[in-house]
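Given next are the chains, with one letter for each unit.
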Amino acid sequence: MTKPTGVLLNDDEIVVDRRIMDNDEERVRAVMSGGTSYIRTIAGKEGGWQNSHFHKHTAEFFVVVTRWMVLVDRAEPLPALRVYRPGETVTSKPGVEHNVYLPAHAVIDTLKYQVTKLRDGDKESDWYRADEAFDRWTKSLTEGAIAKHAGVMFETLCA
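Here's what I pulled together on the structure shown here. (Residues numbered from 1 in each chain as written. Predicted model: local features only at pLDDT ≥ 70, side-chain atom pairs only at ≥ 80, totals over all residues. Heavy atoms only, no water.)

Considering the pairing of strand 9 (residues 80-84)
Reasoning step 1: One ladder, built from five bridges, connects strand 8 (residues 69-73) with strand 9; its direction is antiparallel. Residue pairing for strand 9: Val 70 is matched across the bridge by Val 83.
Reasoning step 2: Here strand 8 folds back onto strand 9, and the loop between the two strands holds six residues. (Pairing = 2+ DSSP bridges. Helix = DSSP H or I, 4+ residues; strand = E, 2+ residues; numbered from the N terminus.)

Here we look at the side chain of Asp 73
Reasoning step 1: Within the secondary structure, Asp 73 sits in strand 8.
Reasoning step 2: Buried within the structure, Asp 73 lacks any salt-bridge partner; its nearest side chain of opposite charge belongs to Arg 82, at an N-O separation of 4.3 Å.
Reasoning step 3: There is a polar contact of 3.2 Å between the side chain of Asp 73 and the backbone nitrogen of Ala 75.
Reasoning step 4: If near-sequence neighbours (up to four positions away) are discounted, Asp 73 is found in contact with Leu 78, Pro 79, Ala 80, Arg 82, Val 96, Glu 97, His 98 and Phe 134. (Buried < 20%, exposed > 50% of the residue type's maximum accessible area, 1.4 Å probe, protein only. Lys, Arg positive; Asp, Glu negative; His and termini not counted. Salt bridge = Lys/Arg side-chain N within 4 Å of Asp/Glu carboxyl O. Polar contact = N/O pair within 3.5 Å; in protein donor to acceptor, adjacent residues only side chain to side chain. Contact = heavy atoms within 4.5 Å.)

Examining the pairing of strand 7 (residues 58-66)
Two faces, one strand: in a regular strand the side chains alternate between the faces of the sheet.
Reasoning step 1: Here eight bridges tie strand 7 to strand 12 (residues 107-114), and the two strands are oriented antiparallel to one another. Residue pairing in the sheet places Val 64 in a bridge with Ile 108 of strand 12.
Reasoning step 2: For strand 7 and strand 10 (residues 89-92), the ladder comprises four bridges, and the chain directions are antiparallel. Following the sheet pairing, Phe 62 is matched in strand 10 by Val 90.

Description of helix 1 (residues 132-140)
Reasoning step 1: Those residues of helix 1 lying buried are Phe 134, Asp 135 and Thr 138. All buried residues of helix 1 project into a common sector of 100° when viewed along the axis, lining one side. Turned more than 90 degrees from where helix 1 packs its buried face, Glu 132 and Arg 136 sit exposed.
Reasoning step 2: Turning to helix 1, the residues buried within the fold contact strand 5 (48-49), strand 8 and strand 11 (98-102).
Reasoning step 3: Capping the start of helix 1 is the job of one residue whose side-chain oxygen sits 3.2 Å from the backbone nitrogen of Ala 133: Asp 131. (Arc of directions from axis to C-beta.)

Some words on the environment of Leu 71
Reasoning step 1: Along the chain, Leu 71 turns up in strand 8.
Reasoning step 2: Of the residues examined, Leu 71 reaches a relative accessible area of 2% and is grouped as buried.
Reasoning step 3: Those residues within four positions of Leu 71 in sequence are excluded, and the remaining contacts are Phe 62, Ala 80, Leu 81, Arg 82, Tyr 84, Val 90, His 98, Asn 99 and Val 100.

Encoded structure:
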């Protein structure tokens, strides 16, 4: 992690930092007061899953920049797996467990924004680990399994 740098914009502090995650993703974040942040995520040399999680008060708006992205969520009784391609967007709503898969060298932009205010006892990060079984299941999905669930040929997915 790089040392966070603060910038003032109309008396609103924006803190910027860079991290390499456990799955080898590089993330550059610009975090604003009030719960809004922008994140550029660049996948590593190999594809990988993030950690399944949910937010109580925050929505995440994803934009696929290069390659593709998978979002699996539990908004329905059964998990829904969807593949998104460059230029496509998707929003994960508060309270919905979800996980993201990025293939090697994929790039996504994420805008996180608070939909409702934090309450006493809520984590300021508003990041909560999802059910362990859901996390294990998503992380067990290979790119071949993703293609099968998405109903596309693996070669098409990787093109």
